[in-house]
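The lines below spell out each chain.
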Amino acid sequence: YRGTGKKGKAAFHQAFGQVKDLRSFLGKKPLLALTATADKDMRQRLCKLLGFRDYKEVLISPNKENIRFTVAEADRNLSCLDWLVSLLKSKREQSPFCIIFCHTVSDIVLVLSTLLMKLGNDAYLHGTETPPERCLVGVYYSATPESAKERICSSFSGSGKARVVIASSSLSMGIDFPRVRYVIHFGRGRTLTDHLQQAGRAGRDSKQAFNVILYQGKHLGQCERSVIEVIRSKECVRKLLLHHFPP
């Protein structure tokens, strides 16, 4: 489901809330419900929405051993992205695919303008297409035109020029790009579940991949305490992220 439902609710959430009513027509027939990353609280809420009473859970760890996690504080000039700029300048269209998740439009604008400024003319490949079609960097969020979204999806599926997309969480819903090497969070996911779901966009081909967590002070007020603890702790990031999920 896409778009907006009644009273501004996401169409997906509105429809999902009606699954229980639909299930009432099935009687006592067995029903299988599958979901991706979900902690205990989320699983309980899902079972309640589905009207499950006597049920069994089969749990699989969301741990992906091919993803390496790194946390770093971002400075005002975002020099923490200089490695990505160098990679794009040297590899050009051979650069590995990278998704940068941001949680506000202002952060999307900040990261986009920073990358374009640092890349200069190197942000564009040579060719006869329009500049947006030749740009190595794209944007994907709710206000992005459908044509631009399709161009990003085509690129990440192997038939376009974009190699980096700066995106909101909307890119992580129902989209599968198998060759993403880097997922960068500019500001952590608001919950551990959100973060693991987005980090899991990297390395879907089972090859080595990386989740780089960048944050500024302003981001710490936008997420749960458990997320802040991961950012500030000196312990293993993977261990902390997976603490609330099945082993």
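Residues numbered from 1 in each chain as written. Predicted model: local features only at pLDDT ≥ 70, side-chain atom pairs only at ≥ 80, totals over all residues. Heavy atoms only, no water.

> Would you take a moment to explain the overall build of the protein chain for this structure?
A tally of helices and strands in the protein chain yields 10 helices and 6 strands. Whereas a compact globule of 247 residues would reach a radius of gyration of roughly 18 Å, the protein chain reaches 20 Å, a difference of no more than 12%. Dimensions along the principal axes, computed over C-alpha positions, put the protein chain at roughly 65 × 45 × 35 Å. Sorting the 247 residues of the protein chain into buried and exposed places 41% on the buried side. Sequence separation of 24 or more characterises 74% of the internal contacts of the protein chain that already satisfy a separation of 6 or more. Here the protein chain displays about 14,800 Å² of accessible surface, and carbon together with sulfur accounts for 53% of that area. Here the protein chain contributes 39 positive and 22 negative side-chain charges, whose respective centroids are spaced 4 Å apart. (Helix = DSSP H or I, 4+ residues; strand = E, 2+ residues; numbered from the N terminus. Rg over C-alpha atoms; globule rule 2.2 N^0.38 Å. Buried < 20%, exposed > 50% of the residue type's maximum accessible area, 1.4 Å probe, protein only. Contact = heavy atoms within 4.5 Å. Areas by Shrake-Rupley, 256 points an atom, 1.4 Å probe, with all protein chains shown as cover. Lys, Arg positive; Asp, Glu negative; His and termini not counted. Charge placed at Lys NZ, Arg CZ, Asp CG, Glu CD.)

> It is not clear to me how the layout of surface pockets should be interpreted in this structure. Could you clarify?
Where empty space is left becomes clear once a probe the size of a water molecule has been rolled over the atoms. For the second largest pocket, the calculated volume is near 290 Å³. When residues in the lining of the second largest pocket are grouped by element, the largest group, 4 residues, is from helix α7 (residues 146–159). Considering only residue class, the lining of the second largest pocket consists of 12 nonpolar, 3 polar and 3 charged. (1 Å grid on protein atoms, 1.4 Å probe; cavity = no way out; pocket = protein on both sides within 12 Å on 5 of 7 lines; lining within 4 Å. Points joined across faces, edges and corners; volume = space filled by probe spheres on them. Nonpolar A, V, L, I, M, F, W, Y, C, P; charged D, E, K, R; others polar.)

> Could you clarify how one ought to interpret the packing of helix α4 (residues 82–91) against helix α5 (residues 105–119) in this entry?
When two helices pack together, their arrangement is given by the angle between the helix axes and the distance between those axes. Where α4 meets α5, the axes come as close as 10 Å, and the angle between the chain directions of the two elements is 50°. With respect to each other, α4 and α5 are oriented oblique. In the packing of α4 onto α5, the handedness of the crossing is right-handed. Each of Asp82, Leu84, Val85, Leu88 and Lys89 in α4 lies in contact with α5, whose residues at this interface are Leu115, Lys118 and Leu119. Each residue belonging to the contact of α4 with α5 can be placed in one class, and the counts come to 5 nonpolar, no polar and 3 charged. (Axes fitted to C-alpha atoms, helices over the stretch in contact; angles between N-to-C directions. Parallel < 35°, antiparallel > 145°, perpendicular 65-115°, else oblique. Left-handed = near helix turned anticlockwise from the far one by under 90°.)

> Any chance you could explain the pattern of salt bridges here in plain terms?
Where charged atoms of side chains with opposite charge meet at close range, the side chains can pair. For the structure on display, the rule yields 8 salt bridges. The shortest N-O distance in the salt bridge between Arg181 and Asp205 comes to 2.7 Å. Remark: Asp205 occurs in the loop between α8 (192–199) and β6 (209–215) and Arg181 occurs in strand β5 (residues 180–186); sequence separation between them is 24 residues. Here Asp205 falls in the partly exposed class, since its relative accessible area comes to 26%. (Salt bridge = Lys/Arg side-chain N within 4 Å of Asp/Glu carboxyl O.)

> How should unusual backbone geometry be read in this particular structure?
Positive phi values are uncommon outside glycine, yet Arg92 reaches one of about 55°. Residue position: Arg92 is located in the loop between α4 and β2 (97–102). One non-glycine residue, Ser206, lies in the positive phi region at around 75°. As for its placement among the helices and strands, Ser206 is situated in the loop between α8 and β6.

> Sorry, what's going on with the side chain of Ser95 here?
Residue position: Ser95 is located in the loop between α4 and β2. Overall, the relative accessible area of 4% leaves Ser95 in the buried class. A polar contact is formed between the side chain of Ser95 and the backbone oxygen of Arg92, at a distance of 2.7 Å. Each residue touching Ser95, except ones within four places of it in the same chain, is listed here: Leu87, Leu88 and Arg163. (Polar contact = N/O pair within 3.5 Å; in protein donor to acceptor, adjacent residues only side chain to side chain.)

> Explain α5 to me, please; I cannot follow it from the model alone.
With 15 residues, α5 extends 21 Å between its outermost C-alpha atoms, agreeing within 8% with the 21 Å of an ideal straight helix rising 1.5 Å per residue. Turning to α5, its buried residues are Asp107, Ile108, Val111, Thr114, Leu115 and Leu119. Angularly, the buried residues of α5 cover 140° about the axis, an arc narrow enough to put them on a single face. α5 presents Ser106 and Met117 as exposed residues on the side facing more than 90 degrees away from its buried surface. Among the structural elements, α4, β2, β3 (137–140), β4 (164–167) and β5 are those in contact with the buried residues of α5. Remark: Gly120 follows α5 within two positions and exhibits a positive phi of approximately 60°. (Expected span 1.5 Å × (residues − 1). Arc of directions from axis to C-beta.)

That is the geometry; function is a separate question.
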